[in-house]
Each structure stands twice: as structure tokens, then as C-alpha cells.
Amino acid sequence: MSVNLQTPIDYLKGVGPNRADLLRKELGIYTYQDLINLFPNRYIDRTRFYKINELQRNNADVQVIGKIIQFKEVTQKKGKRLIATFQDDTGSMELVWFRGQKWIRENLKLNKSYVAFGKTNWFSGKYNMPHPELELLEEHKKNIRTAMQPIYPSTEKLSNKGITNRAIIKIIQQLFIESGGKYNETLSENLRSELKLINKSEALFNIHFPKSQELLSRAQFRLKFEELFYIQLQLIIKNLIHKSKIKGFPFENVGDYFNSFFNHHLPFKLTNAQKRVIKEIRADLGSNAQMNRLLQGDVGSGKTIVALMSMLIALDNGFQACLMAPTEILSVQHYNGLVDMCNNLNISIKMLTGSSKTSERRKIHETLENGELQIIIGTHALLEDKVKFKNLGLAVIDEQHRFGVAQRSKLWHKNTSPPHVLVMTATPIPRTLAMSVYGDLDISVIDELPPGRKSVKTVHRYDKNRLQVFKFIRDEIAKGRQIYIVYPLIQESEVLDYKDLMDGYESISRDFPMPDYQISILHGKMKPADKDFEMQRFIKGETQIMVATTVIEVGVNVPNASVMIVESAERFGLSQLHQLRGRVGRGAEQSYCILMTSHKLSSDSKTRLETMVRTNDGFEIAEVDLRLRGPGDIMGTQQSGVLNLKIADIIKDHDILQSARYYAKKILQIDQNLSLPENEVILRTYKQLSKYKNIWNYIS
Ligand code: ADP
Ligand code: MG
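Conventions used here
- Residues take numbers from 1 onward in each chain, read along the sequence in its written order.
- All chains are assigned letters beginning with A, and all ligands numbers beginning with 1, in the order in which they are written.
- Confidence filtering applies because this is a predicted model: local features only for residues at pLDDT of at least 70, side-chain atom pairs given and counted only at 80 or more, and all residues used for totals across whole chains, interfaces and linings.
- Excluding hydrogens and water, the side-chain figures rest on all heavy atoms present in the structure.
- Helix numbers and strand numbers start at the N terminus; a helix is a DSSP run of H or I with at least 4 residues, a strand a run of E with at least 2.
- Buried residues are those whose accessible area, probed at 1.4 Å on protein chains only, stays under 20% of the maximum for their type, while exposed residues exceed 50% and partly exposed ones sit between those limits.
- Any pair of residues with heavy atoms lying within 4.5 Å of one another is described as a contacting pair.
- All tallies of charge rest on Lys and Arg as positive and Asp and Glu as negative; His and the ends of each chain are not included.
- Think of each charge as sitting on NZ of Lys, CZ of Arg, CG of Asp or CD of Glu.
- If a single non-hydrogen atom of a residue is within 4 Å of a molecule or strand, that residue counts as near it.
- In the analysis that follows, any N or O atom pair within 3.5 Å is treated as a polar contact, provided that within protein one partner can donate a hydrogen and the other can accept it, and provided that, for residues neighboring in sequence, both atoms belong to side chains.
- For the accessible areas, the method is Shrake-Rupley and the probe is 1.4 Å, while residue cover comes only from the protein chains on display.
- Gly is placed with the polar residues, together with every amino acid not listed as nonpolar (Ala, Val, Leu, Ile, Met, Phe, Trp, Tyr, Cys and Pro) or charged (Asp, Glu, Lys and Arg).
- Any carboxyl oxygen of Asp or Glu that lies within 4 Å of a side-chain nitrogen of Lys or Arg is treated as forming a salt bridge with it.
- Axis definition: a line fitted to C-alpha atoms, over the contacting stretch in the case of helices. Angles run 0 to 180 degrees between N-to-C directions.
- Throughout, a crossing is termed right-handed when the near helix is turned clockwise from the far one, and left-handed when it is turned anticlockwise from it by less than a right angle.
- Expected helix span is computed as 1.5 Å times (number of residues minus one).
- Arc definition: it is the arc formed by the directions from the helix axis to the C-beta atoms.
- Between any two strands, at least two bridges found by DSSP are needed for them to pair.

Asks: Which parts of the structure should I look at to understand the overall build of the protein?
Replies: Helices and strands together make up the secondary structure of the protein, namely 25 helices and 22 strands. Its C-alpha atoms put the protein at 90 × 70 × 45 Å along the principal axes. The proportion of buried residues among the 700 residues of the protein is 53%. Excluding contacts between residues fewer than 6 apart, the proportion of contacts in the protein whose partners are at least 24 apart in sequence is 74%. Positive and negative side-chain charges of the protein, numbering 97 and 77 respectively, have mean locations separated by a distance of 4 Å.

Spelled out as C-alpha cells, the structure:
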């Protein structure tokens, strides 16, 4: 190879200090290597010209030949806009500039033929093209144009400073000239021949300057595979290291606590899924490795009892266990539920939250440290430095998407050696994501609801149907049911949300007056004691309606509540809606979820509502959510590197991901240290990549 790819970008001919600075700041391009890995977002056909009357309302990139016949300036609230009328022999359209108008006026010529290139919009009966790339037709004719011109990622700042797409193409061309187009191979020959992958140099050339559609596809495939392969390799290696380095406490015995509970005190018959998951956990706890398991199960699938039985195994082996929940309400609920279930087992269980009294706190700290206290349930309060265990054997974390990685790892460090960790979530992680984010993290799934549950009927209603909805509520209350009415809470405007909630509460109070109806209200600004009081009134059935913000989203269990009304449902995300719906359908009665919205709905909101109405399946909902939002908002992705993928897309390239994972595993199975000569290339590339980024950071 003739050039060193670690050379700073400043040294490339045609770049220079100013441009180098911009490339660094705007695109994160520091070296030749970074530049060569700046892959086009898409390709456009610059051999094709459109007539104005051929334009379509699809917002595609097009090029049109025409003449500017006049300029006009329009002053708006937000500043001036420059509009040029652009004409060909079939019609006219507008070219629009919001910036740089002086330069445009001075440099563009009227009544000369130009090629205008850009995206078109349809607006007030006309097409317009904002900030077009313009070139005089005679200039244009001098350049060679290919049918697949690359379009590179860019930023507004770059194009304002003259680093247009064309400029980037030129820079990359220069790099190819200097390097002679030769780049080191980064995949082993075995892999390349088995998967019929083209070599690295060919792939890089064709990704930037495709010689044909077919070569472009092969270049894309090869580079996507490579990218995903090395991520999988890293994940799997990290997991292997984790398993071999970190020894867990082997819980060899299943003893009196577990057996007595299982044989005599089970409050119901376990579902097959629950049994299977408990077996998986038992096997894991009994092995020598430290358990790091994610338990996924839809809302209401019965994860709590699985947590309890796992904790009993810890107790049977002389260890302590803890259960951490994200909210006080949920902690209380877990505490009451577990105390109930363990009634005859003679176990000491306590709860620690932000509102525990000082004396109680002190007692808890003391008994945790001397080992008298066996199970502690609580909120973040468990993470405080004062909380020390004699021997914490198992940490269960409920609804863990509410906790950050740092918080979780704090719990982890409370012991000399790490406890087993069971993380429970009702927000399913789509398979694709689980694979790419969590690598070999062990996952158990409860994919079956307890018997007799009727699936929740979900409908979408507009605000104008409110009277009917109220009538429905009255009928349900008359049958003895209870109702949730939830208002959105978005942190940025807590004041507004609070107002929404209070307005809602008032109007509900008018329609459902005392003494016939009793209403509870619950929101984040209330003191814990007040929250608890209201919650208890609702649980005991003293109130029929619970007006609340999303504080009730997570885990709350009131089986007699059978109607969930979500106000302004368009403002909620899918997983949130699914969580909210999960608050009902917990008893034997038919339950309902009514999603109230205004008439104005974005297309994403529509998709969300339709999805909720169509299905109750949390995994299906998670897949739709992933498609709508991208992986960015889903837990763990920030640490995983999937957001920084340069070419692959974990949603669209699922098949490639699977194959990359398959081969990464296969190679490591045979050659764990990548020390065979045939894997030399892989080892070298892997080491180089590891130097530059650190992918995975789960819990440890
Ligand atoms: P989640 O998975 O949402 O945490 P929970 O553990 O709170 O679910 O269980 C939801 C409800 O279902 C609880 O009232 C619980 O007692 C009940 N339950 C759990 N498992 C079973 C079962 N196998 N049979 C009947 N009821 C069950
Ligand atoms: Mg739960």
C-alpha cells in the first residue's frame, strides 16, 4: 500500500487547514481512513434530466435544465427569502434561497441555461427547489457524469462553506489517486471465499464510484458484513472474557425455602413459561459463572414470582437478595406482595426507600450488614453508600430501562465479588437489537400469560366522542369496575402538563360528581405519603376513578381496574402506551383501553395508534417502535456502537447481522484467541478497531 491511512486529513492535496478543520468538526473525519469510510448515503442518476412537467410529488433528487427569468424577494417574519422563477419549455418552477442571497443575485445570470439539481417540494400549486446546486449548462457538459453519483452525508455548515457534494467527491477521488486504489484486506480469505465477498480495495472503489449496480450491491454487502462481523466479534469476545474472569457464587443447593414455597405456598399454578424460565435461572445460578440474565416478559406475565423464587435459591445457599424497583409505588407493591407470599416461610424482608424513617433506616443498614436481614426491597435508596450487605448473592432489578448503566453497576460493586444479576423488563427488546446490543447476554423470555386473561380490547376515539366514552365509564363503574384516566407528562413542560392534569381532574369531577363517584389523583409532584394514600384508596376500591400522570405507568397492579383511558394518546410513545395498557386486563374481567386523541395526527402517531389497536403483542409493538424511532432511544444502544454504524442498518440488514454473528461465533469456537494463521487478518483488524472504540459496556 502506498499511503498510510492514519495520515491526518490536512495532508491530502486539495484539503488544507480550513477544510480539514471543517471536515473534523462537521463529519468527524480526522484521517485518510475516516475519509475512505465516509460512505455515500445514496446514489443518484446524473445522466437523466427532467422536464418541469415530468416532476412528481415524491421529494426525490432531480436535475432540470432551464433559465432563470426573474428574481423576487419575499420578506417574512423569519427573514428574507429569495425566489427565482425557473422555466423550461414545459412550464415553470421556483428556486428558493433562505441564505446567501447577495451572492446568488450577483453571480447567477438571467436568461442563461442552467442545470438545477436538488430536491423538489410541492407548495401552493407549484414545485420549488430550495438551495439548488446550479451549474451553467455549458460547464455541465464538460464534466463526466455517471449514472450513479454518490451523495455523501453533509451538514448545512459544510455546504455553506463551499464543501459541496461535488467538493467531497473530488477530495475522495484525490485520495484514490494518492493511494493507487490499494487498501489492506481486513477479512480472512476463508471468510471471503465462503461468502463470495469481493476484496477490500474493490469494495471501497465501488462503494464510492460504482462501476455497475451489481458491483455496488456486492461492495455494500461486503462492507456491511465486515462492519457487523467486527461488532459481533467484540461482543462475543467480551462475553467470553467476562465469563472466564468473573466467577459467580455457585448456588448448588435448592433447599428448604425454595422447596417449601414450591410445594406448599404457591399462590397459583405456574405457567409453563414461568417454569421454564425458573429452570433456566436455576441452572445458571448453579454453574460457576456469574449470572447476568435479562428476563423479558410482557406486562402481567408474572415476572415477580420468578424473581421471588430466584431470591429463595439465594437464601437457600446462605446469601442475601435484593429487589430494586424504579418507583416508590412499585417498591411498596412488591414489598406487600412478597411479604404476603412469604408469609409462612419465616424470612426477614424489609423495604428501603427515600421516605424510610431514619431510625428504620439505621436498623436496616445494621441488619443488612450483619446478615440478619435476608431480602431487601427498595428504590434507588438501595444504591446509597451506607447500604452494605453481608453477602449479597442475587440482585434483581425490575423495569430496568428506568435505571442507567452507572446506577446498576453501583449495585454490582457493593460486594467483594459480583452478585448474580437478574434484570426484568416488560419492554421487549426486538431480537435484532438484542443481538447487536447485548451480544451474548443471556435472555429468558416469558411468552405466555397466566390462564384466563382476556386480551385487552383497544380502541381509538377522538375528543368529540367524549360523551360516549363517559357513558361507557359510567356503565363499567356500575358493574363494579375501576377506571384509570392518564394524562401525558413530558418533562420539558411540567407546568403545562400539571395544568392539563388539573383541568382534566376538574372536568372529570364535574361529570362524575360526589358522592356517587370518588376520584383519586396521582402525579409526580405529590409527596410519597400522599401518593401512597391515594394509591391505597384506589387499591381498596374506595375510589372508582384514578386520574393520573404516567407515574402509574410502571408495574402498578390493581386487578379490579378494567378500563384505561389515555388522554392525548398521540403524545405518548408506543412502549409507554403498551405499558399503560398493561395496567388493565390483570383480573378475570374483560378490560378496555381507550386512546383519546384530537383530529390532528402525524403519520407516526397514526401508525402508533393503529399498532396499539391491532395487537397486544409486546414484541410486535417493540419492532414497530424500533422502526419508527430508530435504535437511538432504546436502552443500551448508546453503549453498543449500533448508533455509529457507518454502513449497516441493524433493522434493514438483519440477515447480514445474523450471518455475521454466525461466523464470528464459529471462528471463536475453533480459535478463541484468533491465533491460527488463517485468522491473522482478523486478529490484526480486531486489535486496530479495539484501539479506536470501546463498544460494550453492560453492567460491569
Ligand atoms: P409482571 O410480569 O407485569 O411483573 P406480575 O408479576 O405483577 O406481572 O403478575 C401479574 C399478576 O398476575 C399478579 O396479580 C400475579 O399474582 C398474577 N400471576 C402471575 N403468575 C400467575 C399464574 N401463573 N397464574 C395466575 N396468576 C398469576
Ligand atoms: Mg412487574
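Asks: Would you mind going over the site of ligand 1 with me for this structure?
Replies: Every one of the 16 residues lining ligand 1 counts as a neighbour, but Lys269, Gly300, Lys303, Thr304 and Arg453 are closest to it. A distance of 2.9 Å separates a nitrogen atom of ligand 1 from a polar side-chain atom of Gln274. Thr304 places a polar side-chain atom, nitrogen or oxygen, 2.6 Å from an oxygen atom of ligand 1. For ligand 1, whose unbound accessible area comes to 570 Å², protein coverage reaches 81%. Here the residues of the shell around ligand 1 are counted per class, giving four nonpolar, seven polar and five charged.

Asks: Please explain the pattern of salt bridges as it appears in this structure.
Replies: Any two side chains of opposite charge can pair, on the condition that their charged atoms come close. Applying the stated criterion across every chain yields a total of 31 salt bridges. Glu476 serves as the salt-bridge partner of Lys479, at 2.8 Å between the closest nitrogen and oxygen. The class for Glu476 is buried, based on a relative accessible area of 2%. Residues joined by salt bridges that share partners form a network here, namely Glu185, Arg192, Lys200, Arg222 and Glu226.

Asks: I tried to follow the packing of helix α8 (residues 200-208) against helix α9 (residues 213-245) on my own but got confused; where do I start?
Replies: In contact at an axis separation of 8 Å, α8 and α9 are set at 120° when each is read in the N-to-C sense. Crossing angle aside, the handedness with which α8 passes α9 is left-handed. For the pair α8 and α9, contact is made by Lys200, Glu202, Ala203, Leu204, Asn206 and Ile207 and by Leu215, Leu216, Ala219, Gln220, Arg222, Leu223 and Glu226, respectively. For the contact of α8 with α9, the per-class residue count stands at seven nonpolar, two polar and four charged.

Asks: Could you clarify how one ought to interpret helix α21 (residues 603-614) in this entry?
Replies: Given 3.6 residues per turn, any residue in an α-helix points the same way as the ones three and four places further on. The terminal C-alpha atoms of α21, which comprises 12 residues, lie 16 Å apart, in line with the 16 Å expected from a rise of 1.5 Å per residue. Every buried residue belonging to α21 is among Ser605, Arg608, Leu609, Thr611 and Met612, and all of these are buried. Take α21 and look down its axis: the buried residues cluster within an arc of 160°, on one side only. Structural note: α21 exposes Ser603, Glu610 and Arg614 on the side pointing more than 90 degrees away from its buried face.

Asks: Sorry, what's going on with the sheet that holds strand β16 (residues 442-446) here?
Replies: Strands pair in a sheet through their backbones, by hydrogen bonds, and they do so in one of two ways: parallel or antiparallel. Ordered by their spatial adjacency, seven strands build an open sheet running β12-β13-β11-β14-β15-β10-β16, and the pairing between neighbours is parallel. Strands at the two margins of the open sheet, each flanked by one partner only, are β12 (349-352) and β16. Going across the sheet, the axis of each strand differs from the next one's by a mean of 20°, ignoring polarity. Two elements, strand β14 (residues 392-398) and strand β15 (residues 420-425), share five bridges in a ladder whose sense is parallel.

Asks: What is the right way to look at helix α12 (residues 303-316) in this model?
Replies: Here α12 contains 14 residues, and its C-alpha end-to-end distance of 20 Å stays within 8% of the 20 Å for a straight helix at 1.5 Å per residue. Among the residues trailing α12, Gly318 stands out with phi positive, at a value near 80°.

Asks: Looking at this model, I keep getting lost on the environment of Thr31. Mind explaining?
Replies: Within the secondary structure, Thr31 sits in the loop between α1 (16-27) and α2 (32-36). Overall, Thr31 belongs to the buried group, its relative accessible area being 12%. Sequence-wise, Thr31 and Pro419 are 388 residues apart; in three dimensions their C-alpha atoms are separated by 43 Å.

Asks: Mind showing me how you'd approach the sheet that holds strand β22 (residues 592-597) here?
Replies: Taking strand neighbours across the sheet as the criterion, the six strands line up as β17-β22-β21-β18-β20-β19 in an open arrangement whose pairing is parallel. Looking at which strands have only one partner, the edges of the open sheet turn out to be β17 (457-462) and β19 (519-522). On average, adjacent strands in this sheet sit at an angle of 20° to one another, irrespective of strand direction. One ladder, built from five bridges, connects strand β18 (residues 482-486) with strand β21 (residues 561-566); its direction is parallel. Among the inter-strand pairings, Val486 is bridged to a residue of β21, identified as Val566. Running at roughly 145° to β19, helix α19 (residues 528-539) makes contact with β18, β19, β20 (545-548) and β21 of the sheet. Contacting β17, β18, β21 and β22, helix α20 (residues 574-581) crosses the sheet at an angle of about 155° to β21.

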